[in-house]
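Spelled out from the first residue to the last, the chains are:
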Amino acid sequence: MQELSLNQQVRLAIHQVLAENFSWQGSSDSLVINQTKPEFEGDFTLVLFGLAKTLGSSPDQIGQSVGASLLKKQPALFSAFQVVKGFLNLSIPDKKWIEDFTRTSQNKTSVDTPRPRQRVLVEYSSPNTNKPLHLGHLRNIFLGWSISAILKKMGQSVVKSCVVNDRGIHICKSMIAWQRFGKGATPTTTGMKGDHFVGHYYVLFNDAYKKEVDALVAEGMTKERAEQEAPILKATQEMLLRWEQGDAATRELWKIMNDWVYEGFDQTYQRVGADFDKIYYESETYLLGKTFVEEGLTSGVFFRKPDGSVWIDLTDDGLDEKLVLRKDGTSVYITQDLGLAQQKYDEFAYDQSIYVIADEQNYHMKVLKLILRKLGKPYAEGILHLSYGMVELPTGRMKSREGTVVDADDITQEMVEVARKKTEELGKVQDFTHQELKELYETLALGALKFYLLRVDPKKKMVFNPEESIDFQGFTGPFIQYTHARIRSILRKAGEPLAIPINASLLPKEKELLVLLAQYPAHLHQSAQEQNPSVLANYTYTLAKSFNGFYAEHSVMQAESEEKRYLRTKICQEIAATISEAMALLGIRVPERM
RNA sequence: GGCCCUGUAGUUUAAUGGAUAAAAUAAAAAUUUCCUAAAUUUUAGUUACAGGUUCGAUUCCUGUCGGGGCUACCA
């Protein structure tokens, strides 16, 4: 049988006493038990107000009664209590903390998974193939990767997938521009990374398009009309049509340009540590949804308008009528997604299908799930939109057409430069080989970048200021990496502790660390449950911060006694291991030295 | 217009309805004969506004004002 954590032991004990003393019927989960605020004596705090109401007794009376009984019944678990203004503060003896610490550190794998193993599909990073990745994509990638790692850690079976939007008007724009302005240039002849190369032609398209629109407007056409009539746009639309008809030349150019982009994407993915178990290409899946249209018409979920287009009426659900098939018979975005959802289910029989997509698509995802539900698809309920806020600049939203995007490769390289500069200034690793230095810079650069994007609640939009760049000090990845390197440095010298002294007393800084370490599983669970890596990021930072306070005040190697040296060495081991594991779940490596 | 999200120190972010709202950064200062000063310590500064529910509201509800997104026979 698995032993209970301290937290659970306390909760259970309180529950038992309440049942005995007051015949209380509530569940132990409904008890509000917090960590005691530092300005009060104690470790755990039971909030009494809610109980006072249901028990018809004063908070003070309940607190006194429960406190006294706990002390009497479980003197090994509780050493003291105090009732302050409706709060029952309970103290746990040092011995108990150390016991719990040694037990959990010996039994590291006990991040228990009570829930049955589930099959989870996580889709993240679904780029268009007409331009390179930017900072927003990075947030998406890091989130998706991290949540996959966290769910795996919780014992679930995770498949990471990616949908490549390789087809459509956007890539045709780059193709047209390349035909007209490219003069046969390639990434090789220009020395450009493939995705940037293709993105360059996307920009050229927009420049040319804008010029044509302006010219038409100057001739007296309205802007709306001009935007539809611009010859280069017409040409693009014709190209898309030829693509759909399977025109060989069009398909060939399309393939060449997409391959250039993939080469570029792959480099970026590899550098930032993104990987996928399954890649879907829109060009191979975009027709899948059409079978749904027949099915929906038959079952009466969809209806056909006189012009031949097919719709679904969602007004009863507070939404609009939504088109699922154009009058010309071609399918739209939502229809493709219906088909893809089915395909994913056929292939992986998932319990849960997570889509990591920006919150601008909240409506779309709501509709997707709703339609599948109306069609009676059993897997509809497993669909989950992990909606994240977009990364904005101080001036507002990033716009690729206006050239205000923060490019993913650029920002990564910038971080590497910062890492190099700082490392050289500090001069702590002058014995590193060229290769070791290179690796260190990558580790630090990506640590800074990933932590920056993951420390914020995914649901919230975030603002990135290119002027200020990303810090290496304070609430950052490198801060935690540095803390890890410091600990490892101690451990290289200290060796293995021979015994952990159960009866040692704890100094405040030591105890603080034990308390924090005991909270790790709870934070891990929370971040999995909320699908929110920032919980883990915040926790890890607090742990590192707390260690640095300890480090400044106490010496491990020169401890007051051998007993203390062993205890502190053990604490160092556990902190390092926890930091390392938590950071790994965020996709961040931690160095031995820096 | 309709629907959804959002408003916390100068700035970027925390806080299952719980005690005196917490960090970082920017600012001012202090700490290296001692395990890595990418660190630590100290000082000053915040819940848009008005109501309501509650023993208790940053959190829940209503309204006002600000910001954003969606509302395509684009993806």
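Residues numbered from 1 in each chain as written. Chains lettered and ligands numbered in written order. Predicted model: local features only at pLDDT ≥ 70, side-chain atom pairs only at ≥ 80, totals over all residues. Heavy atoms only, no water.

J.: Outline the overall build of chain A, supporting the account with residue identities and numerical values.
T.: Along its length, chain A carries 22 helices and 15 strands. Of all 594 residues assigned to chain A, the portion counted as buried reaches 52%. Restricting to contacts in chain A with at least 6 residues of sequence separation, those with at least 24 account for 73%. Taken as a whole, chain A presents about 28,200 Å² of accessible surface, with 50% of it coming from carbon and sulfur. Distance between charge centroids for chain A: 2 Å, based on 71 positive and 76 negative side chains. (Helix = DSSP H or I, 4+ residues; strand = E, 2+ residues; numbered from the N terminus. Buried < 20%, exposed > 50% of the residue type's maximum accessible area, 1.4 Å probe, protein only. Contact = heavy atoms within 4.5 Å. Areas by Shrake-Rupley, 256 points an atom, 1.4 Å probe, with all protein chains shown as cover. Lys, Arg positive; Asp, Glu negative; His and termini not counted. Charge placed at Lys NZ, Arg CZ, Asp CG, Glu CD.)

J.: Lay out the pairing of strand S3 (residues 80-84) with the relevant residues and their values.
T.: Successive residues of a regular strand alternate their side chains across the two faces of the sheet. Alignment of S3 against strand S4 (residues 87-91), held across 5 bridges, turns out to be antiparallel. Within S4, the position partnered with Gln82 by the bridge is Asn89. Linking S3 to S4, which pair antiparallel, is a turn of 2 residues; within it Lys85 sits at a positive phi near 45 degrees. (Pairing = 2+ DSSP bridges.)

J.: Run through the protein's contact with RNA strand B, naming residues and quoting values.
T.: Every one of the 63 residues lining RNA strand B counts as a neighbour, but Val32, Asp307, Lys428, Tyr482 and His554 are closest to it. Put simply, 56% of the atoms of RNA strand B that lie within 4 Å of the protein are in sugar or phosphate. In the environment of RNA strand B, a base nitrogen lies 2.8 Å from a nitrogen or oxygen atom belonging to the side chain of Thr45. Tyr482 is positioned such that a nitrogen or oxygen atom in its side chain is 2.3 Å from a sugar or linking oxygen of RNA strand B. If one sorts the elements of the surface near RNA strand B by residue count, helix H18 (residues 477-494) sits on top with 7 residues. Residue classes in the surface near RNA strand B are distributed as 28 nonpolar, 12 polar and 23 charged. (Near = heavy atom within 4 Å. Polar contact = N/O pair within 3.5 Å; in protein donor to acceptor, adjacent residues only side chain to side chain. Nonpolar A, V, L, I, M, F, W, Y, C, P; charged D, E, K, R; others polar.)

J.: Run through the nonpolar core, naming residues and quoting values.
T.: Formed by 148 residues in total, the largest nonpolar core has its most connected members in Ile14, Leu135, Leu138, Phe464, Ile575 and Ile579. Among the elements that line this core, the one with the most residues is helix H17 (residues 434-454), at 11 residues. Setting aside its immediate chain neighbours within four residues, Phe464 contacts Leu135, Val391, Glu392, Leu393, Pro394, Val406, Ile411, Tyr452, Ser469 and Ile470. Within the second largest apolar cluster, 33 residues are counted, among which are Tyr280, Val301, Leu368 and Leu375. (Core = buried A, V, L, I, M, F, W, Y, C linked by side-chain atoms within 4.5 Å.)

J.: A description of the packing of helix H20 (residues 520-529) against helix H21 (residues 533-553) should follow, citing residues and the corresponding values.
T.: Running from N to C, H20 and H21 point in directions that differ by 155 degrees, and their axes come no closer than 7 Å. Relative to H21, the element H20 lies roughly antiparallel. As for how H20 packs across H21, the hand of that crossing is right-handed. In contact with Tyr520, His523, Leu524, Gln526 and Ser527 of H20, H21 contributes Val535, Leu536 and Tyr539. Split by residue class, the contact of H20 with H21 holds 5 nonpolar, 3 polar and no charged. (Axes fitted to C-alpha atoms, helices over the stretch in contact; angles between N-to-C directions. Parallel < 35°, antiparallel > 145°, perpendicular 65-115°, else oblique. Left-handed = near helix turned anticlockwise from the far one by under 90°.)

J.: Quick one: what's the story with the sheet that holds strand S1 (residues 33-35), residue by residue and with numbers?
T.: Reading across from one edge, S1-S2-S4-S3 is the order of the 4 strands in this open sheet, with antiparallel pairing throughout. If you trace the sheet from one side to the other, it starts and ends with S1 and S3, each paired once. Neighbour to neighbour, the strand axes of the sheet diverge by 25 degrees on average, direction disregarded. Taken strand by strand, helix H1 (residues 6-22) contacts S1, strand S2 (44-47) and S4, and its axis lies near 35 degrees from that of S2. Here helix H3 (residues 59-73) sits on the sheet and contacts S3 and S4; the angle it forms with S3, its principal contact strand, is near 175 degrees.

J.: I'd like a rundown of unusual backbone geometry, residues and numbers included.
T.: Its identity is not glycine, yet Lys85 carries a phi of approximately 45 degrees, on the positive side. Even without being a glycine, Ser125 presents a positive backbone phi close to 60 degrees. Along the chain, Ser125 turns up in the loop between strand S5 (119-123) and helix H5 (135-153). By relative accessible area, Ser125 is classed as buried at 1%.

J.: Explain the domain arrangement of chain A residue by residue, including any values.
T.: When the domains of chain A are assigned, the result is domain 1 (6-92), domain 2 (168-274) and domain 3 (408-585). Averaged C-alpha coordinates put domain 2 and domain 3 at centres separated by 45 Å. Taken residue by residue, the interface counts 6 residues in domain 2 and 8 residues in domain 3. Both faces considered, domain 2 and domain 3 share a buried interface measuring about 550 Å² in area, 39% of it formed by carbon and sulfur atoms. The largest share of the area that domain 2 buries against domain 3 comes from Thr268, Arg271 and Val272, three residues that together contribute 83% of it. Linking domain 2 with domain 3 are 2 salt bridges. Across the pair Arg271 and Glu442 runs a salt bridge, and its minimum N-O distance is 2.7 Å. There are 6 residue pairs in polar contact (both at pLDDT 80 or more) connecting domain 2 and domain 3. Within the residue set of the side of domain 2 that touches domain 3, elements represented by two or more residues are helix H8 (194-218) and helix H11 (248-272). When residues in the side of domain 2 that touches domain 3 are grouped by element, the largest group, 3 residues, is from H11. (Domains from an automatic or database assignment. Buried area = accessible area lost by both parts, 1.4 Å probe. Salt bridge = Lys/Arg side-chain N within 4 Å of Asp/Glu carboxyl O.)

J.: Tell me about the environment of Asp166, and name the residues and values.
T.: Mapped onto the elements of the fold, Asp166 is located in the loop between strand S6 (157-164) and helix H6 (169-181). Asp166 sits in the buried class, given a relative accessible area of 2%. In the structure, Asp166 is positioned 37 residues away from Thr129 in sequence and 5.4 Å away in space, judged by C-alpha atoms. Aside from chain neighbours lying at most four places away, what touches Asp166 is Thr129, Ile171, Trp254, Asn258, Tyr262, Tyr281, Glu282 and Ser283.

J.: So what's going on with the state of the cysteines? Residues and values would help.
T.: By definition, a disulfide links the sulfur atoms of two cysteines through a covalent bond. Enumeration according to the criterion identifies 0 disulfides in this entry. You can see Cys172 has no disulfide; the closest cysteine sulfur is in Cys162, sitting 20 Å from it. A relative accessible area of 2% means that Cys172 is categorised as buried. (Disulfide = S-S within 2.5 Å.)

J.: I'd like a rundown of the pattern of salt bridges, residues and numbers included.
T.: Summed over the entire model, instances satisfying the criterion amount to 31 salt bridges. The salt bridge involving Glu592 is made with Arg492; its shortest N-O contact spans 3.6 Å. Residue Glu592 is located in the segment after helix H22 (562-585), and its partner Arg492 is located in helix H18; the two are separated by 100 residues in the primary sequence. Judged by its relative accessible area of 37%, Glu592 falls in the partly exposed class. Note on Arg492: relative accessible area 44%, which makes it partly exposed. Beyond isolated ion pairs, a larger network of salt bridges with shared partners links Glu510, Glu560, Lys564 and Arg568.

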